[in-house]
Amino acid sequence: MAFTEKNLFVLPPVVVAGRQLKRYHVTADPAGIEPEVEKAAYALLPELLPEPDGATPAAGFVVLHRGGDTGAYLNVYSWVWDNVLHFAGAAAGQPALDCPDLDPTRFVRIDPATRNWIGCVWELAPLGHEREAWVRHMLAPDAPDLSGYLADALTTGTTGVCA
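Residues numbered from 1 in each chain as written. Predicted model: local features only at pLDDT ≥ 70, side-chain atom pairs only at ≥ 80, totals over all residues. Heavy atoms only, no water.

Draft legend 1. Structural view of the nonpolar core. By size, the foremost hydrophobic cluster in this structure holds 20 residues, and its most contacted members are Leu-45, Leu-74 and Phe-107. Counting residues per element, the ones that place at least two in this core are α1 (35-48), β3 (59-66), β4 (72-80) and β5 (84-92). Examining the composition of this core, we find that seven residues originate from one element, α1, more than from any other. Each residue touching Leu-45, except ones within four places of it in the same chain, is listed here: Val-16, Leu-21, Val-62, Leu-74 and Val-76. Counting 16 residues, the second-largest nonpolar core is a separate cluster that includes Tyr-24, Val-63, Trp-79 and Leu-127. (Core = buried A, V, L, I, M, F, W, Y, C linked by side-chain atoms within 4.5 Å. Buried < 20%, exposed > 50% of the residue type's maximum accessible area, 1.4 Å probe, protein only. Helix = DSSP H or I, 4+ residues; strand = E, 2+ residues; numbered from the N terminus. Contact = heavy atoms within 4.5 Å.)

If you want it as structure tokens, here you go:
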């Protein structure tokens, strides 16, 4: 199987259910992810976010991936318990993941009891950066800097650029 990097688009953060989320989009399409797929994915976000723990700033990041076939995948990573990354995922258009059909806008939550996956090689590109950004802005300084964390994102390019 030949491997090809995909495009990585970095979008401005959004606030969903009180949680500030950085956004990364992954796709082979240089035009980006279709607006209807993005809208459908983000409509499910509130169901994929953990309750705030009262101590950790309500922040995290999402990776929305448009596969090369009919699939679309939403990975939601939320910081909890000060230094722990919570994961929840959803998929659309991929019957192998219990999606009802091939529609890339009909997202369903992935059951962690049967598939406790956290992302494919393209979706994992932001993870290392996000770990470093959380330490750099939230854990290492004398006072956490949430705005600094939210501004510290990868740059638009490819999934192979992890700096």
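There's plenty left to go through after this.
Draft legend 2. Looking closely at the pattern of salt bridges. Under the definition given, this model contains seven salt bridges. The partner of Arg-106 in a salt bridge is Asp-101, with the nearest N and O atoms 2.5 Å apart. In this structure Asp-101 comes out as partly exposed when scored by relative accessible area, which is 23%. Its salt-bridge partner being Asp-152, residue Arg-136 comes within 2.8 Å of it at the nearest N-O pair. Within this pair, whereas Arg-136 is found in helix α2 (residues 125-139), its partner Asp-152 is found in the loop between α3 (146-151) and β7 (157-158), the two being separated by 16 residues in sequence. (Salt bridge = Lys/Arg side-chain N within 4 Å of Asp/Glu carboxyl O.)

Draft legend 3. Region of interest: the environment of Val-135. By the secondary structure assignment, Val-135 is in helix α2. With a relative accessible area of 28%, Val-135 lands in the partly exposed category. Note: C-alpha distance between Val-135 and Asn-83 (52 residues apart in sequence) is 8.3 Å. Here Val-135 is in contact with Ala-140 and Pro-141, once residues within four sequence places are set aside.

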